[in-house]
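Analysis of the macromolecular model
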Amino acid sequence: FSSGACLLMAGVTLLTVLTAASAAASAYTSVSAGKARNEAAKFEAEQLRENAEMAKLDAANANLKRLEEFDQIRRTNIAISAANGALPRSSRSFLAIQKRGKDVFLRDKALITLGGKSRVSQLQGSANQTLNTGRQAFRTGITKAAGTLIGGGLDIQEIKDREED
């Protein structure tokens, strides 16, 4: 081989090595990016699940507060009725007021419970969607890496084919 041919051969070999290294680095970056997005999605999903648990607690607390309000109103009505000299449980109007208060309390409790369940369901659905998105990002990273490696392999083969010509 002449010195020019040796330099050309060394350049082509270096080009092959650089092409392979570039493909490997790009593939690694794609997988790492997909993995990072997947990990971020797991963290976000965990936060959403914690928020769902907090929504359950918020609904329970709201129901407890509403029960305390109802109980306070009921006791106040009994006290007012007794102060006016009436037996609280004997008056039809008193019983009607108490029943109406209880009906309102039960309706409020049902609405609070339904709202809490709806919020929990929404947050859990968001958590599941976030996890699916993270898994898909990871799969996409692997697919991109595979495509990069295949493309790099084809580039190397093209370089080798030129060497032979």
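Everything discussed here concerns the structure shown above.
Procedures and definitions
Residues numbered from 1 in each chain as written. Predicted model: local features only at pLDDT ≥ 70, side-chain atom pairs only at ≥ 80, totals over all residues. Heavy atoms only, no water. Phe/Tyr/Trp six-rings, centres within 6.5 Å; stacked < 30°, edge-to-face > 60°. Helix = DSSP H or I, 4+ residues; strand = E, 2+ residues; numbered from the N terminus. Buried < 20%, exposed > 50% of the residue type's maximum accessible area, 1.4 Å probe, protein only. Contact = heavy atoms within 4.5 Å. Salt bridge = Lys/Arg side-chain N within 4 Å of Asp/Glu carboxyl O.

**Digging into the packing of aromatic side chains**
- Within the structure shown, the criterion is met by one aromatic pair.
- Their ring planes at 15° and their centres at 5.1 Å tell us that Phe 70 and Phe 105 sit as a pair that is stacked. Of the two residues, Phe 70 is situated in helix α1 (residues 3-83) and Phe 105 in helix α2 (residues 92-164); the sequence distance between them amounts to 35 residues.

**Structural notes on the side chain of Gln 98**
- Mapped onto the elements, Gln 98 comes out in helix α2.
- Taking the relative accessible area as the measure of exposure, Gln 98 reaches 13% and is therefore buried.
- If we skip the residues at most four places from it in the chain, Gln 98 touches Phe 70, Arg 74, Asn 77 and Ile 78.

**Some thoughts on the pattern of salt bridges**
- On inspection of all chains with the given rule, the structure shows nine salt bridges.
- The partner of Glu 53 in a salt bridge is Lys 56, and the shortest N-O contact between them spans 3.2 Å. Separated by three residues within a single helix, Glu 53 and Lys 56 lie in helix α1, roughly one turn from each other.
- Using a relative accessible area of 40% as the deciding quantity, one classes Lys 56 as partly exposed.
- By sharing partners, the salt bridges in this structure join Arg 66, Glu 69, Arg 107 and Asp 108 into a single network.

Any functional reading would require information that these geometric values do not contain.
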